[in-house]
Amino acid sequence: MSRQRTLVLTGASRGIGHATVKKFSAEGWRVLSCSRQPFDARCPWPGGEDNHIQVDLADPHNTMEAISVIRDKVGGCLDALVNNAGISPKGAGGARLNTLDTDLRTWGQVFHVNFFASVVLARGLKDELAAAGGAVVNVTSIAGTRVHPFAGAAYATSKAALKALTREMAHDFGPLGVRVNAIAPGEVETSILSPGTDKIVEKLPLRRLGQPSEVAEAIYFLCSERSSYISGTEIEVNGGQHV
């Protein structure tokens, strides 16, 4: 009997993360979910509470503590790590926070969750990833390459940094047999969409929002054997928005 493959996923509780849990579970993977919230008993996938790690990725100490918990749970082999957690704080009335009005603490919080946690988790789990010949997928954003009408400056620059980190990690983890890639979603139909998104959608080549399940499919591809010689790249999942 073959070993069940294991995924560690951050930001699992909604949107793209939720769809990713469903996709990997349907493919027979064990999914360890990480989020700020405790396990919600309404979540329908197998494993439930035993496979949930409550962690505040904005707190470096808490993130480091979570690594030892994850290592105990995976038992020496980790097939995939998906760094999907991301925060995009807004100003009063949902206003976009630009470089002039983003508080320094907010910059720090955003970068800890969106950027630093990704390398801290991957480095802390490198032995388990190497043992499985695993893969890392970092979730970046269309906002990492252009000024976006809703995504704030801290969010956008953290995602641009995460794209560069993907390249660096692919270089460093490759000799361990671990592939590292990124996906850059555009306008995806989740609860964090801002009012006015319909104006962006009108100008997209595909003229529609993306679905979380479509993003989850791209993540699964990068964690599967079908992408076994792909590393250090970022796949745009945005209906042509980047063109």
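Summary of the structure given here. Please read these numbers as outputs of a predicted model, since none were measured by experiment. Residue indices follow the written sequence of each chain, beginning from 1 at its first position. Totals for whole chains, interfaces and linings use every residue, but because this is a predicted model, local features are given only for residues with pLDDT of at least 70 and side-chain atom pairs only at 80 or more, for both listing and counting. Heavy atoms from the whole structure form the basis of all side-chain values; hydrogens and water molecules are not counted.

So, helix α1 (residues 15–26)
No. 1: The helix and strand labels rest on DSSP assignments: H or I over at least four residues marks a helix, E over at least two residues marks a strand, and numbering proceeds from the N terminus. In a helix, the anticipated span is given by 1.5 Å times the number of residues less one. Along its 12 residues, α1 runs 17 Å from first to last C-alpha, staying within 8% of the 16 Å computed at 1.5 Å per residue.
No. 2: The contact criterion used throughout is that any non-hydrogen atoms of two residues lie within 4.5 Å. Packed against the buried residues of α1 are β1 (6–10), β2 (30–35), β6 (179–185) and α7 (212–223).
No. 3: Two residues or fewer past α1, G28 is found with a positive phi of approximately 90°.

Concerning the sheet that holds β1
No. 1: Two strands pair under a simple rule: DSSP has to find at least two bridges between them. What the seven strands build is an open sheet, ordered β3-β2-β1-β4-β5-β6-β7; its pairing is parallel. The sheet is open, and its two edges are formed by β3 (52–54) and β7 (234–237), each paired on a single side. The average undirected angle you get between the axes of adjacent strands in this sheet is 15°.
No. 2: Relative to β7, β6 is paired through four bridges, and the arrangement is parallel. From the neighbouring strand, P185 faces β7, where its bridge partner is V237.
No. 3: Sitting on the sheet, helix α3 (residues 104–124) touches β1, β4 (80–83) and β5 (135–139), and the angle it makes with β4 is about 170°. Convention adopted: a line fitted to C-alpha atoms gives each axis, helices being fitted over their contacting stretch, and angles between N-to-C directions are expressed from 0 to 180 degrees.

Examining α7
No. 1: For α7, spanning 12 residues, the distance from its first C-alpha to its last is 17 Å, which sits close to the expected 16 Å at 1.5 Å a residue.
No. 2: Within the sequence span of α7, burial applies to P212, V215, A216, A218, I219, Y220, L222 and C223.
No. 3: Buried residues along α7 sit in contact with α1, β4, β5, β6 and β7. Classification of residues uses two cut-offs on accessible area relative to the type maximum, computed with a 1.4 Å probe and protein chains only: under 20% is buried, over 50% is exposed, and between them is partly exposed.

Some remarks on the environment of E225
No. 1: The topology assignment puts E225 in the loop between α7 and β7.
No. 2: The class for E225 is exposed, based on a relative accessible area of 56%.

With respect to the packing of aromatic side chains
No. 1: The criterion for an aromatic pair is that two Phe, Tyr or Trp rings (for Trp, the six-membered ring) have centres within 6.5 Å, with stacked assigned to planes under 30 degrees apart, edge-to-face to planes over 60 apart and tilted to the rest. Counted according to the given criterion, the structure contains six aromatic pairs.
No. 2: Seen from their ring centres, W29 and Y220 are 6.3 Å apart, and the 70° between their planes marks the pair as edge-to-face. With a gap of 191 residues between them, W29 in the loop between α1 and β2 and Y220 in helix α7 connect regions that are remote in the sequence.
No. 3: Among the residues examined, W29 registers a relative accessible area of 4% and is labelled buried.
No. 4: Classification of Y220 by relative accessible area gives buried; the value is 6%.
No. 5: Both rings, one in F115 and one in F116, keep their centres 5.1 Å apart while their planes meet at 70°; by these two values the pair is edge-to-face.

Here's the deal with the pattern of salt bridges
Oppositely charged side chains can form a pair if their charged atoms are brought close together.
No. 1: Any Lys or Arg side-chain nitrogen found within 4 Å of a carboxyl oxygen on Asp or Glu counts as a salt bridge. For the structure shown, the criterion picks out nine salt bridges.
No. 2: Note that E128 and R71 form a salt bridge whose closest N and O atoms lie 2.8 Å from each other. In this pair, E128 sits in helix α4 (residues 126–132) while R71 sits in helix α2 (residues 60–74), placing the two residues 57 residues apart along the sequence.
No. 3: Exposure remark for R71: the relative accessible area of 35% places this residue in the partly exposed category.
No. 4: A cluster of three or more residues bridged by salt bridges with shared partners is formed by R71, K126, D127 and E128.

Fair warning: the whole summary comes from geometry, so function is off the table for now.
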